[in-house]
Each structure stands twice: as C-alpha cells, then as structure tokens.
Amino acid sequence: MSINFGIIGLARSGKTTIFNALTAGKAETTGRGGEITAPHLGVARVPEPRLRVLDGILHPHRLVPVEARYIDIGASVKALAQDKGLGAQLLNQLSTVDTLICVVRAFKDDSVPHPRGSIDVDRDIADLNMELVFSDLAIMERRLERLETSLKGAKPGERHTLLQEQEILKQFKTALENDRPLRELTIDPVAVRYVTNYQFLTAKPMLIVVNIGEDQLAEAEALEAQLSRRYSGNGLRVITLCGRLEMELAQLEESAAQELRASYGMKQSGLERTIKASYDLSSLITFFTTASNEVRAWAIRHGTTAVKAAGKIHSDMEKGFIRAECVSYDDLVRCGSLTEARKRGLLRLEGKEYTVQDGDIITFLFNV
Ligand SMILES: Nc1nc2c(ncn2[C@@H]2O[C@H](COP(=O)(O)OP(=O)(O)O)[C@@H](O)[C@H]2O)c(=O)[nH]1
Ligand SMILES: [Mg+2]
C-alpha cells in the first residue's frame, strides 16, 4: 500500500531539495520560481525496523514496506487554481493526496532570493494557508453555482439532498471566508461525505516542514518546540528539517550517512522524522500480514476494526470476512515462532469488530 504526500510551498523555499531528501532523488533544484511545469514524482520506503525482526522470525521470501509517494508541485496552489490547462490537472492530482507537506523557508542565503524579499516563517505559513483557502473557495463557489441550477429543475424527491449539500457547503464557505481551514472544523458525519467528495485541500492533514540552514541546526529543536506551540492541533504539525544537508545525506551509503548524521548530533533521518510526524498527524498505526511468503506492512488509522483493516488489503476480504488470526508483535518476538505462539495460546482468533493494535501480525480468513 502507499501513502501519498503533496509537497507545496513558496518559490525557492526548498520543496525540490526536500523532495530529493525524502526520495533520495536527484531532481534539479534551481527554484526557478513558480511556472507551471510537470511535477516531480518519487517514492520512498516507510522505515519500519520491525520488518527486519519479523524477517528473522518468519523467514519470508520478501519484505514489503509501506510506500510513501511524493509529488513535488513546482507552482503555487493559487497559480494552479487560476489555470485551466495543466494547472487544473495538477490541482486535481494534488487533491488526491493523503497529506500535504508545506515547505517553509527559514534558511538564510543572499544568493537565493525570497519571493517576498525577507525570511518570515509565520508570514509564509499564513500565505500558504491563504492559497489553500483560495483554491477551496473556488471549488466551493463553482459547486454552489451548479447547485443553484440543479435546484431550479429538481424533482421534489431530489430537493432535500441538494438543499442539505447547499447548507453544508455554505457553512464551509463561511469558515473559509474567515481564513479558517476546514480541518479545524468539527464536521458532522453527514457533512464528511462532501469533504471527501470534493477533496478540499484545507481539510487535509498538513505537515509544515520548516527548512533550516546548516547554521541553524543547533537551535533546531528549540525552534521546533516554539513553532509547535503555534502550529499544532487537529491535522496540523510542524517540524524543522535541514533540507540541503538531508539531501546530501540521502545520496550517501547508509553507513556513511549515519556517521555524518551522528557527527551533527542527529538521531534520525529526515525521512524517518517526516514519516513519524505524518503518522502522528493522521493517527496511523502499522499492522503486518504474512501470506504468500511475504511479510507486508500496512498503515491504518488508530481505531480501525479488523474487518475494515481487511478491506485495506482487498474489498473481497472485507466482504467475505470470517475471522482474523492475530498475534501481537511483542508476543511473537518473545515466542520466536508462530508455532510457539500458537502453543502458548497467544495466537488469538478475533472477530469483525476487533480493534487492530499497532504491531499486530494478522492472517485474515475470508470467503470469496
Ligand atoms: N543555503 C541553503 N540553500 C538552500 C537550502 N535549501 C534549499 N536551498 C537552495 O535554495 C534554492 C531553491 O531550492 P529548491 O529546492 O529548488 O526550491 P523550490 O523552488 O521550493 O523547489 C536552491 O538553490 C537550493 O540549493 C538550505 O537549507 N540552505
Ligand atoms: Mg522546485
């Protein structure tokens, strides 16, 4: 399975640099400044150290991590929203991602001009928010216009749902007009459908990545703590990342990268830190399956039931769900094998409503 990320930010904030850091990519980082061109696409494996341990216990032919897919949209969201051609297509593509990564520049470098002439993290975050709001409002207004037309010709039976949608979209519109992203609203279950249908950008979880310079590494943690007080909450997190250094590290052999990272006092890679933050942001947990000689990692939301987790793998598994055979990661590691876990009664049979726990190793039994 894959988790999809869209990288956005102002011109020359370091979007492509961070894209390269996360995907070990080599895309050109010229930061030319916002014309609408083809985006960069890249993939990374979601780091999951438990897969290695499971390899030693279950000896599969293959380990399959979750994939993180990244799209680096070069142009501003506002430019995309105003464009009818490629811009509109890119905006569509962006609207399908699971999480937005907003790159905000904090590094100082006179040879790289900032589009607004100065470094100001809070101003840039506000600017990006405005762009997302702008784009969502445009979608909202078009939909509301079409609703008006549909209502004129609607049969009595259709009026109710159309009016309901109109009412909900008008509420959303009011929030956006007050610069409030939709992710901040408490949205009732009836309205959730419309958020999902239209894939509003301000409704998506957002990770702000503040791109710092090497000279700011010493203060990175303090800066992150300080920013977190202002930018955290429902679907919002902030981390600091030294984009250019991370990009260089991503090109090295793992052992050399680790050594260098340690010399800077950094414990985790940029990829590990952004993935961890995005898992927190969307309350994601990991479960594992073992079938066809593969051990696979899957990401699901905390609180997902066994039957819904099965549906992540295949809709047939959800429809024909019978039982989940389940062992916790810690129990399996303690037992050293599935046979031993079974002998000790630690291989549980769980029903549809079982809440999957982080680290569960699950075999789904189902009818087709
Ligand atoms: N000094 C410094 N320059 C950086 C850093 N991150 C990015 N840059 C430079 O800023 C310019 C724009 O970066 P790029 O990733 O292309 O920005 P984008 O327009 O947002 O994709 C490039 O010349 C990068 O080398 C950094 O941490 N420090
Ligand atoms: Mg770029």
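Residues numbered from 1 in each chain as written. Chains lettered and ligands numbered in written order. Predicted model: local features only at pLDDT ≥ 70, side-chain atom pairs only at ≥ 80, totals over all residues. Heavy atoms only, no water.

## Thoughts on a nonpolar patch on the surface
- Together, Leu252, Leu260 and Tyr264 make up an exposed nonpolar region whose accessible area comes to about 260 Å².
- By secondary structure assignment, the location of Leu260 is in helix 10 (residues 254-263). (Patch = residues over 30% accessible without salt bridge, like charges linked within 9 Å, V, L, I, M, F, W, Y side chains within 5 Å. Areas by Shrake-Rupley, 256 points an atom, 1.4 Å probe, with all protein chains shown as cover. Salt bridge = Lys/Arg side-chain N within 4 Å of Asp/Glu carboxyl O. Helix = DSSP H or I, 4+ residues; strand = E, 2+ residues; numbered from the N terminus.)

## Quick word on helix 7 (residues 189-198)
- Restricting attention to buried positions, one finds in helix 7 the residues Ala191, Tyr194, Val195 and Tyr198. For helix 7, the arc enclosing every buried residue in end-on projection is 100°, short of the 170-degree limit, so these residues lie on one face.
- Structurally, helix 7 contributes buried residues whose contacts are with helix 5 (121-153) and helix 6 (156-177).
- Within two residues after helix 7, Gln199 carries a phi angle of roughly 50°, on the positive side. (Buried < 20%, exposed > 50% of the residue type's maximum accessible area, 1.4 Å probe, protein only. Arc of directions from axis to C-beta. Contact = heavy atoms within 4.5 Å.)

## Remarks on the site of ligand 1
- Within the structure, ligand 1 sits among 17 residues, and Arg12, Lys15, Thr16, Thr17 and Asp109 are positioned closest to it.
- Here an oxygen atom of ligand 1 and a backbone polar atom of Ser13 are 3.2 Å apart.
- Contact distances for ligand 1 include 3.0 Å between a nitrogen atom and a side-chain N or O atom of Asp109.
- For ligand 1, whose unbound accessible area comes to 570 Å², protein coverage reaches 89%.
- Residue composition of the shell around ligand 1, by class: 5 nonpolar, 8 polar and 4 charged. (Near = heavy atom within 4 Å. Polar contact = N/O pair within 3.5 Å; in protein donor to acceptor, adjacent residues only side chain to side chain. Nonpolar A, V, L, I, M, F, W, Y, C, P; charged D, E, K, R; others polar.)

## Side note on the pairing of strand 12 (residues 361-366)
- Where strand 8 (residues 284-291) meets strand 12, 2 bridges bridge the pair, whose relative direction is parallel. When the sheet's bridge partners are listed, Thr289 is paired in strand 12 with Ile362.
- Note that strand 10 (residues 321-327) and strand 12 share 6 bridges and pair antiparallel. If you follow Phe321 over to strand 12, its bridge partner there is Phe366. (Pairing = 2+ DSSP bridges.)

## Overview of the packing of aromatic side chains
- Inspection of every chain in the model, using the stated rule, returns 6 aromatic pairs.
- Look at Phe172 and Phe200: their rings are 6.2 Å apart centre to centre, the planes differ by 85°, and that puts the pair in the edge-to-face class. Here the residue Phe172 occupies a position in helix 6, and Phe200 occupies one in the loop between helix 7 and strand 6 (206-211), the gap between them amounting to 28 residues.
- Put simply, the rings of Phe287, Trp298, Phe321 and Phe364 pair up and form one aromatic cluster.
- Directly above the ring of Phe134 sits Lys78, whose terminal nitrogen or CZ lies 5.0 Å from the centroid.
- Over the aromatic face of Phe107 sits the side chain of Arg105, whose NZ or CZ is 4.2 Å from the ring centroid. (Phe/Tyr/Trp six-rings, centres within 6.5 Å; stacked < 30°, edge-to-face > 60°. Lys NZ or Arg CZ within 6 Å of the ring centre and 35° of its normal.)

## Quick look at the environment of Gln216
- Mapped onto the secondary structure, Gln216 falls in the loop between strand 6 and helix 8 (220-230).
- Since its relative accessible area comes to 7%, Gln216 is described here as buried.
- It is 8.8 Å that separates the C-alpha atoms of Gln216 and Ala106, two residues lying 110 residues apart in sequence.
- In contact with Gln216, not counting residues within four places along its chain, are Ala106, Phe107 and Lys108.

## Quick look at the nonpolar core
- In this structure, Leu54, Tyr70, Ile101, Ile275 and Tyr279 are the most contacted members of the largest nonpolar core, which totals 39 residues.
- Among the elements that take part in this core, helix 11 (residues 270-281) stands out by supplying 5 residues, more than any other.
- Residue-level mapping places this core at the junction of two domains, with at least three residues from each of domain 1 (2-47 + 67-118 + 204-281) and domain 3 (303-366).
- Dropping the residues within four chain positions of it, Ile101 is found in contact with Phe5, Gly6, Ile7, Ile8, Leu22, Tyr70, Leu207 and Val209.
- Counting 36 residues, the second-largest nonpolar core is a separate cluster that includes Ala75, Val97, Ala106 and Leu128. (Core = buried A, V, L, I, M, F, W, Y, C linked by side-chain atoms within 4.5 Å. Domains from an automatic or database assignment.)

## Some points on the domain arrangement of the chain
- When cut into domains, the chain gives domain 1 (2-47 + 67-118 + 204-281), domain 2 (132-202) and domain 3 (303-366).
- Once you take the C-alpha centre of each, domain 2 and domain 3 turn out to be 39 Å apart.

## Overview of the packing of helix 1 (residues 15-23) against helix 9 (residues 243-250)
- Their axes nearest at 8 Å, the elements helix 1 and helix 9 cross at an angle of 35°. Crossing hand, helix 1 versus helix 9: left-handed. Mapping the contact onto sequence places Thr17, Ile18, Asn20 and Ala21 in helix 1 and Gly243, Arg244, Glu246, Met247 and Ala250 in helix 9.
- Residue composition of the contact of helix 1 with helix 9, by class: 4 nonpolar, 3 polar and 2 charged. (Axes fitted to C-alpha atoms, helices over the stretch in contact; angles between N-to-C directions. Left-handed = near helix turned anticlockwise from the far one by under 90°.)

## Comments concerning the sheet that holds strand 6
- With mixed pairing, 6 strands are arranged side by side in an open sheet as 2-4-1-5-6-7. In this open sheet, the two edge strands, each paired with only one partner strand, are strand 2 (40-45) and strand 7 (236-241). Each neighbouring strand pair of the sheet contributes to a mean axis angle of 25°, computed without reference to strand direction.
- The pairing of strand 1 (residues 2-9) with strand 4 (residues 67-72) spans 6 bridges and is parallel.

## Focus on helix 6
- The end-to-end C-alpha separation of helix 6 is 31 Å, in line with the 32 Å expected for 22 residues at 1.5 Å each.
- Here helix 6 has its buried residues at Leu162, Glu165, Gln166, Ile168, Leu169, Phe172, Ala175 and Leu176.
- Each element contacted by the buried residues of helix 6 is listed here: helix 5 and helix 7.
- Directly after helix 6, the chain includes Asp179, whose backbone phi takes a positive value near 65°. (Expected span 1.5 Å × (residues − 1).)

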